[in-house]
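Working through the structure, step by step
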Amino acid sequence: LKPVQKPHPPIYLAGFVPAALARVARFADGWNPTGIPIEGMAQMFSSIKQMAAEAGRNGAALELVVRANLQITEKPLGKDRPIFSGALEQIKEDTAACRQIGAHEVHFAPGFGRDTRSVDGWLRLMEQVRAFV
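Residues numbered from 1 in each chain as written. Predicted model: local features only at pLDDT ≥ 70, side-chain atom pairs only at ≥ 80, totals over all residues. Heavy atoms only, no water.

Let us look at the side chain of Gln90. Mapped onto the elements, Gln90 comes out in helix α3 (residues 88-100). Residue class for Gln90 comes out buried when judged on its relative accessible area of 9%. When neighbours within four sequence positions are excluded, Gln90 is seen to be in contact with Pro76, Leu77, Arg81 and Ser85. (Helix = DSSP H or I, 4+ residues; strand = E, 2+ residues; numbered from the N terminus. Buried < 20%, exposed > 50% of the residue type's maximum accessible area, 1.4 Å probe, protein only. Contact = heavy atoms within 4.5 Å.)

Laid out in structure tokens, this is it:
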């Protein structure tokens, strides 16, 4: 069966090596990074958009859809913490920073957090995150 959406459902690619970024620029509708610091994400996405334009595509039309692998702690972590890890306030800051660099969406993956071994734990965590997004 062919897709109902025309011309097709959006295609998002992940990856961060130069060849993967070039594939995003040439073929995808957007980029889906994870675990990359904000500054690096901004630079890589800018590069993707530039490569897309060089390939004759509209780089501005590409979307940035960030995967946030949550690792929530009771106390804040230091400056060298990975993105989307630390206290909820730090997760909130990371989410705001993604907005500032032009992220279209942030997908929260709570499976790495505490108390997420049950559906109730997931729901509690997602309610906390929902409060600031």
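Alright, that's what it looks like, and here's the rest.
Further remarks concern helix α1 (residues 18-27). Within α1, the full set of buried residues consists of Ala20, Leu21, Ala22, Val24 and Ala25. Along its buried surface, α1 packs onto β1 (12-13), β2 (30-31) and α2 (38-54).

Take the nonpolar core next. Formed by 27 residues in total, the largest nonpolar core has its most connected members in Trp31, Met41, Ile48, Leu70 and Phe84. Contributions of two or more residues to this core are made by α1, α2, β3 (63-69), α3 and α4 (119-130). Considering each element in turn, this core owes the most residues, 5 residues, to α2. (Core = buried A, V, L, I, M, F, W, Y, C linked by side-chain atoms within 4.5 Å.)

Here the focus is the packing of aromatic side chains. Counted by the stated rule, this structure contains 2 aromatic pairs. Measuring from ring centre to ring centre gives 6.4 Å for Trp31 and Phe45, while their planes differ by 10°; the resulting arrangement is stacked. A residue pair is termed long-range when its members are at least 10 positions apart, and Trp31 in strand β2 and Phe45 in helix α2 qualify at 14 residues. There is no split in this pair, since Trp31 and Phe45 are both buried. (Phe/Tyr/Trp six-rings, centres within 6.5 Å; stacked < 30°, edge-to-face > 60°.)

Time to look at unusual backbone geometry. Of note in this structure, Phe84 is not a glycine but carries a positive phi near 60°. Its location among the elements puts Phe84 in the loop between β4 (71-72) and β5 (85-86).

The next thing to look at is the pattern of salt bridges. The tally for this structure, following the rule as stated, stands at 2 salt bridges. Between Glu127 and Arg130 there is a salt bridge whose closest N-O contact spans 3.2 Å. With Glu127 and Arg130 both in helix α4 and 3 residues apart, this pair spans about one turn of that helix. (Salt bridge = Lys/Arg side-chain N within 4 Å of Asp/Glu carboxyl O.)

Take α2 next. For the α-helix, the turn length of 3.6 residues means that residues three or four positions removed from each other point alike. Counted at 1.5 Å a residue, the expected span for α2 with its 17 residues is 24 Å, and the 24 Å between its end C-alpha atoms agrees. Every buried residue belonging to α2 is among Ile38, Gly40, Met41, Phe45, Ile48 and Ala52, and all of these are buried. Down the axis, α2 shows its buried residues gathered within 155° of arc, on one side only. In α2, the exposed residues that point more than 90 degrees away from the buried face are Glu39, Gln43 and Glu54. Among the structural elements, α1, β2, β3 and α3 are those in contact with the buried residues of α2. Of the residues flanking the end of α2, it is Gly56, one or two places downstream, whose phi is positive at about 85°. (Expected span 1.5 Å × (residues − 1). Arc of directions from axis to C-beta.)

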